Amino acid sequence: MQNWKQKYTSFKHKPARKESSAQDNRPVKPLDSSLESNISFIQQVFGEDSDLIVRNFKVYGRHDAAIIFFSSVVDQNQIQNYVLKPLMNVSSDLSEIPKDLKDLPDYIWSMTVQVTQGNRTKDLNTLASILLEGNVVLIIDGMDQALYFNLRKIEHRSIEQPQTEQVIRGSRDGFIENLESNISLLRYRLQTPDFRVVTAPLGVRTRSKVAVCYIEGIADPGLVQKVMRRLSAINVDGILDAGYIEQFIEDHPLSPFPQVQPTERPDKSIASLLEGRVIILVDGSPFCLIVPALFNQFFQTMDDYTERFVVGSLLRMIRLIALLFSLFFPALYVSIISFNPELLPTEFAVAITGARAGVPFPAVLEVLIMEVFMEVLREATIRLPQMIGGALSIVGVLVIGQAAVAAGLASPTTVVVVAITTIGSFATPAYNAAISSRMLRFPLIILAGCFGLYGVMLGTIVIVNHLLFLESFGVPYMTPFVPTIWKDLKDSIVRVPLWWMRSRPSFLNTPDPDLLANDIPKMHTDLIFKEKSEADE
C-alpha cells in the first residue's frame, strides 16, 4: 500500500511532458562518455517502468558496463548464459582483449557474446525503440557506441485450427498472433529462394511490425510497389490488427463490399502467392490480408481445390445460390405478397393470405421486424461464450419464431423465409462478404415494400452498377466476368480440373504466367493408356 502511495505522489508531481514519446522525429543524440549519464537518460525516457532492468557489472573485470532490457519481452535465461556469463568471465587470457575501447565492440561481437542477431548504434535516442523491440542493450563506460542483441521472447498460443475458415479436407493449422511463427508457416510450405518478406514497423506509438510477402518473379513488381506505397502513407498512432490496415489501403472505403481478403489459413495464403498476389501480415494479428481481392474470391474455399473438380464446382455453385437467397429472397417475398400475389399458384397464395390473417402489420414491416430479431440474436450468439452461445441460438430461434407467430407479430411463412435467408448468409465462407449481403438486404426489402418488383429491380441495378465501378488495387472487382477474360473463367463459378488450369490469372500481370507445363495433360493421358496396356498384357 505504501509503495502505491509513493508512486501516486510521484506521478502527481511529475512535470507534464511537452514533447511526444514518438522516437522517429527526435534529432540524433550521440552517446555520452559517462555510463551513468546514458543510463539516466534512458530512465528519464521510460520514467518508473517496473519491468525496465538495469544491471551493472564489469566487462572482463576491467570496464564498468551495464545491460538494459525490459524483463517482460526478453528471454532472461539467454541473457544470463549467452551475454552476462561470457562478458563477466575474467579467467580467459586477458592479453587478447583489446585495450583500446574503439576495438572492444568488434571483439565482444566476434569473440564473446553468443547471440545470432544484434547490431550497434551511436544514437542515444534510438535506444528507447530498440529496447521496446525486445533487444538487450550493452553500454560500456567511455565507449561511444552501444551494442544491442535481439533476445526477444513473447508468450503466444499454440498453432490451432482456424476458427473462421473450417474445411473438410485440408490442413488444420492456422495463423496465430506471433509474426515469426506465421512467416515460418509460410516458409514451411513455400521452400523457394524467390519468397520475399519485407518487414517494417507501422504505427507511431505501437510500432507494430508489418510484413509484406510476395514471390519474386511471379508477383507484378508494380503491385508490390503499390502495396508498399499505400502502407507508407499510413500515419496513425496504433495498428492493433490487420483490420486497421485493411481500412487504410482499400480502394473504395465507403463501399459495403470488401476489397481486401482476410484469411487465417497459411495454405490459402500460399495459393494466393502462387497466383501472383501479395499478402500482408501484422505482428499481433492472426489474419493475413490478400490483395488484390475480387468478388469471386469471397465464395471460394480450399475444399474447392482439395476435392475433385465436379464436387468443388457443385459446392461453389451452391454457395452462390445461397448468396442470392440471402440477398434477394426476403425482398422478392415482400414484393410478391404486397403487389403481385397473382404470380403465385392460387392455392399457395390463399394459404399465405390465410396465415397472415391475424398479422396487423404490412408484409414489409413484418419481414423487417423478424430480420432485426435474427440479426440481434446472431450478434448476441457471437459475443457470448461458445458453451452458452450454441444453446442460446437454438433456444432463441425456436422461442422467438414460435412466440412471434403465436403473438401475431409474424406469419409462419415469414418465419420460414427469414430462416432460409439467415441460413443462406451463413453459407458464405467469408465473414465480411456475408455481412455485406446482410446489410444490403434491408434497403432491398424497403424498396420492395414501396415499389414491388420494380423496386427490387432498381436495387439490383444499383448494386450491380456499384460492383462494376469497384476496383481492388487497380483490378476491376468483377474480373473475370466483367471485363470478360475467357481463360480466367476456368476458376470462377465452376472449377475445371487442375491440369486444365495452365496459367496464372492474366489480370495480375505476372512476369511468369505459366502455372503448369504445357505437356502435362498429354503426359497424364499417355501414362494412363500405358498403364492400361501393361495391365492387359
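As the structure is a computational prediction, the values presented were derived from the model and not from experiment.

Colleague: Sorry if this is basic, but what is going on with the overall build of the protein here?
Modeller: The secondary structure content of the protein amounts to 18 helices and twelve strands. Its C-alpha atoms give the protein a radius of gyration of 31 Å, more than 25% over the compact-globule value 24 Å for 537 residues. Principal axes of the C-alpha set define a box for the protein whose edges measure 105 × 80 × 40 Å. A separation threshold of at least 6 residues defines the contact pool for the protein, and within that pool the share at least 24 residues apart is 65%. For the protein, the accessible surface area stands at approximately 28600 Å², while carbon and sulfur atoms represent 61% of it. Distance between charge centres in the protein, computed from 49 positive and 56 negative side chains, equals 3 Å.

Colleague: I tried to follow the sheet that holds strand E4 (residues 135–140) on my own but got confused; where do I start?
Modeller: The pairing of strands in a sheet comes from backbone hydrogen bonds and takes either a parallel or an antiparallel form. Spatially, five strands are ordered E1-E2-E4-E5-E3 in an open sheet, and the strand pairing comes out antiparallel. Pairing within the sheet leaves two strands with one partner each, and these edge strands are strand E1 (52–59) and strand E3 (118–121). The average undirected angle you get between the axes of adjacent strands in this sheet is 20°. Inspection of the sheet shows E4 paired to strand E5 (residues 146–150) by four bridges, in the antiparallel sense. Within the sheet, the bridge partner assigned to Val136 lies in E5 and is Phe149. The sheet strands contacting helix H3 (residues 76–87) are E1, strand E2 (63–70), E4 and E5, and the helix crosses E1 at an angle near 20°.

Colleague: When you look at the nonpolar core in this model, what are you seeing that I'm missing?
Modeller: General note: in soluble globular proteins, nonpolar side chains tend to be found buried as a group. Ranked by size, the top nonpolar core spans 45 residues in total, and within it Leu87, Ile108, Leu138 and Ile139 carry the most contacts. Mapped by element, the contributors of at least two residues to this core are helix H2 (35–46), E1, E2, H3, helix H4 (104–112), helix H5 (127–132), E4 and E5. Setting aside chain neighbours within four positions, we find Ile139 in contact with Leu31, Leu35, Asn38, Ile42, Ala65, Ala66, Ile68, Leu127 and Ala146. One finds Ala331, Val334, Ala430 and Met478 within the second-largest nonpolar core, a separate group that totals 30 residues.

Colleague: When you look at the side chain of Arg319 in this model, what are you seeing that I'm missing?
Modeller: Along the chain, Arg319 falls in helix H11 (residues 309–338). Judged by relative accessible area, Arg319 falls into the buried class, the value being 9%. Among residues more than four places away in sequence, those in contact with Arg319 are Phe299, Gln300, Thr301, Asp304, Ala427 and Pro429.

Colleague: Explanation requested: the sheet that holds strand E9 (residues 278–282) in the structure shown.
Modeller: Pairing in this open sheet of five strands is antiparallel, and the strands run E6-E7-E9-E10-E8 from one edge to the other. Each edge of the open sheet carries a strand with a single partner, namely strand E6 (195–202) and strand E8 (261–263). The mean inter-strand angle of the sheet, taken between neighbouring strand axes irrespective of direction, is 25°. Summarising the sheet, E6 and strand E7 (residues 208–215) pair through eight bridges and their orientation is antiparallel. Its bridge partner being in E7, Arg196 is matched across the sheet by Tyr214. Sheet contacts for helix H8 (residues 242–249): E6, E7, E9 and strand E10 (288–291); angle to E10, the most-contacted strand, approximately 25°.

Cut-offs applied
Residues numbered from 1 in each chain as written. Predicted model: local features only at pLDDT ≥ 70, side-chain atom pairs only at ≥ 80, totals over all residues. Heavy atoms only, no water. Helix = DSSP H or I, 4+ residues; strand = E, 2+ residues; numbered from the N terminus. Rg over C-alpha atoms; globule rule 2.2 N^0.38 Å. Contact = heavy atoms within 4.5 Å. Areas by Shrake-Rupley, 256 points an atom, 1.4 Å probe, with all protein chains shown as cover. Lys, Arg positive; Asp, Glu negative; His and termini not counted. Charge placed at Lys NZ, Arg CZ, Asp CG, Glu CD. Pairing = 2+ DSSP bridges. Axes fitted to C-alpha atoms, helices over the stretch in contact; angles between N-to-C directions. Core = buried A, V, L, I, M, F, W, Y, C linked by side-chain atoms within 4.5 Å. Buried < 20%, exposed > 50% of the residue type's maximum accessible area, 1.4 Å probe, protein only.

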